[in-house]
Amino acid sequence: MLKTFLTTNYVHQTMNLNILRTYASKDPTSFPSSILFSHSNNSLAIYDAYPKSLFHFLLLPRVKSSFQGHDLTSLRALLKGDKKFAKAVVDSLKEDAVTLRKEIENEMVKRFGFKWNIWTGFHAAPSMPHLHLHVLSADLRSDAMKSKKHYNSFHPKLGFFLDIDEVLSWFDAEDSFFKNQAELDPKTFEKLLKDDLVCFYCSSNMKNIPTLKAHLDEEWDKLMNREKARLERKRKFEEKHKGDGVPNENNHDPKRLKTTSGEDM
C-alpha cells in the first residue's frame, strides 16, 4: 500500500549528488517504502524527492556485474558507448515505464476520476549522475517547482526534456544522425533553461514563476471541469442505458500511489 507524495524532501536526494548511483547498486529489498515504489530485474522506480508534478518518479537502470565497462553516468555517456548496449538499456527502461504509467493512470482515475497525459523522458543535461528516466504527470503542479530552470527542464516542447520515444528513434536513423543527436552538448542544452516561460497548455508567455503557477492552476481547473462534465454525461448515458451491457472503463483495483497533494488516497 502506497501513500501520497509529501511536499517535504526525502532523505534519498540530499546534497549527495551520487546518491542515484548508490541506489542503483543496492539490493531493492533494503529500501524503505518512502523511497522505492517498485523494481524489476533491470530497474528501480523511486519517488522523486522534489516532485514537479502530482505524480513524479525516477526510473534507474540497476548496476549489474554484466554492465562492467559500460558508462551509465548519463544518457550522453551511455550513447557514446556501445550502441547495441545503449539501445538495450533504453528499451528496458521504456518497458518498465509502460508498467509504471499504468499504475499512475489507475491512481489518477481513482483519485481524480480521470486520467491525463504522462511524460516519460530524460534531461539532456542532468544535474545528478547515473542515468535516470523521469516519469511524471503532465501538470507541473507542485510546491517544488520554484524556478524557470525547474519549469523549462520539463517543458515538453522546449527541447531539454527528451521524450524516450524520440531517443529510441535515433537508433533507427543513419549513423551520422545518431552521432549528432548523441552529442548532447551540455552547454547547448543548458541555454534552453534560460528561455522565456511559456505555458505548455496554451503557449502563452508568462512574466514570472508566480504568474505561471497561477496560470497552470487555471488550466488545471479547466481540465478538471471539462472532465467532470464528460464524466457526468457518461454517467447519465450509462444510467439511461443501464442493463444494456454498456462497459464501465473505470472499474479497476489500482495500487495506491503518492501525489504532491499530501493527501491519503
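Further up the page is the structure itself.
Being a predicted model, the structure only gives us computed values, none of them experimental.

Calculation notes
Residues numbered from 1 in each chain as written. Predicted model: local features only at pLDDT ≥ 70, side-chain atom pairs only at ≥ 80, totals over all residues. Heavy atoms only, no water. Helix = DSSP H or I, 4+ residues; strand = E, 2+ residues; numbered from the N terminus. Expected span 1.5 Å × (residues − 1). Polar contact = N/O pair within 3.5 Å; in protein donor to acceptor, adjacent residues only side chain to side chain. Buried < 20%, exposed > 50% of the residue type's maximum accessible area, 1.4 Å probe, protein only. Pairing = 2+ DSSP bridges. Salt bridge = Lys/Arg side-chain N within 4 Å of Asp/Glu carboxyl O. Axes fitted to C-alpha atoms, helices over the stretch in contact; angles between N-to-C directions.

A.B. asks: Quick question: what am I supposed to make of helix H3 (residues 83–112) here?
C.D. replies: Residues that lie three or four places apart on an α-helix share one face, since the helix turns once every 3.6 residues. The terminal C-alpha atoms of H3, which comprises 30 residues, lie 41 Å apart, in line with the 44 Å expected from a rise of 1.5 Å per residue. Where H3 begins, the capping side chain belongs to Asp82, and its oxygen is found 3.3 Å from the backbone nitrogen of Lys84. Immediately downstream of H3, the backbone of Gly113 shows phi near 90°, a positive value.

A.B. asks: What is the right way to look at the pairing of strand S5 (residues 133–137) in this model?
C.D. replies: Note on strand geometry: in a regular strand, side chains alternate between the two faces of the sheet. In terms of residue burial, S5 counts as a mostly covered element, since five of its five residues are buried. Covered by surrounding structure in S5 are Leu133, Val135 and Ser137 together with His134 and Leu136, the residues of both alternating faces. As defined by bridge partners, strand S4 (residues 118–123) adjoins S5 across four bridges and the pair is classed as antiparallel. The residue of S5 that forms the bridge with Thr120 is Val135.

A.B. asks: Quick question: what am I supposed to make of the side chain of Ser137 here?
C.D. replies: Here Ser137 lies in strand S5. Residue class for Ser137 comes out buried when judged on its relative accessible area of 0%. Reaching out from Ser137, the side chain makes a polar contact with the backbone nitrogen of Leu54 at a distance of 3.5 Å.

A.B. asks: Quick question: what am I supposed to make of the pattern of salt bridges here?
C.D. replies: In a structure, side chains of opposite charge can pair up when their charged atoms sit close to one another. Evaluation of the coordinates by the stated rule reveals ten salt bridges. One salt bridge connects Asp175 with Lys83, and the closest N-O pair in it is separated by 3.2 Å. Of this pair, Asp175 sits in helix H6 (residues 175–182) while Lys83 sits in helix H3; the two residues are 92 residues apart in sequence, bridging distant segments of the chain. Linked by salt bridges that have partners in common, Glu232, Arg235 and Glu239 make up one network.

A.B. asks: What is the right way to look at the sheet that holds S5 in this model?
C.D. replies: Working definition: the strands of a sheet are paired by backbone hydrogen bonds and lie parallel or antiparallel to each other. Strand order in this open sheet of six strands is S1-S2-S3-S5-S4-S6, and the pairing throughout is antiparallel. Of all strands in the sheet, those with a lone pairing partner are strand S1 (36–39) and strand S6 (161–163), marking the two edges. On average, each strand axis in the sheet is inclined to that of its neighbour by 30°, with strand direction left out of account.

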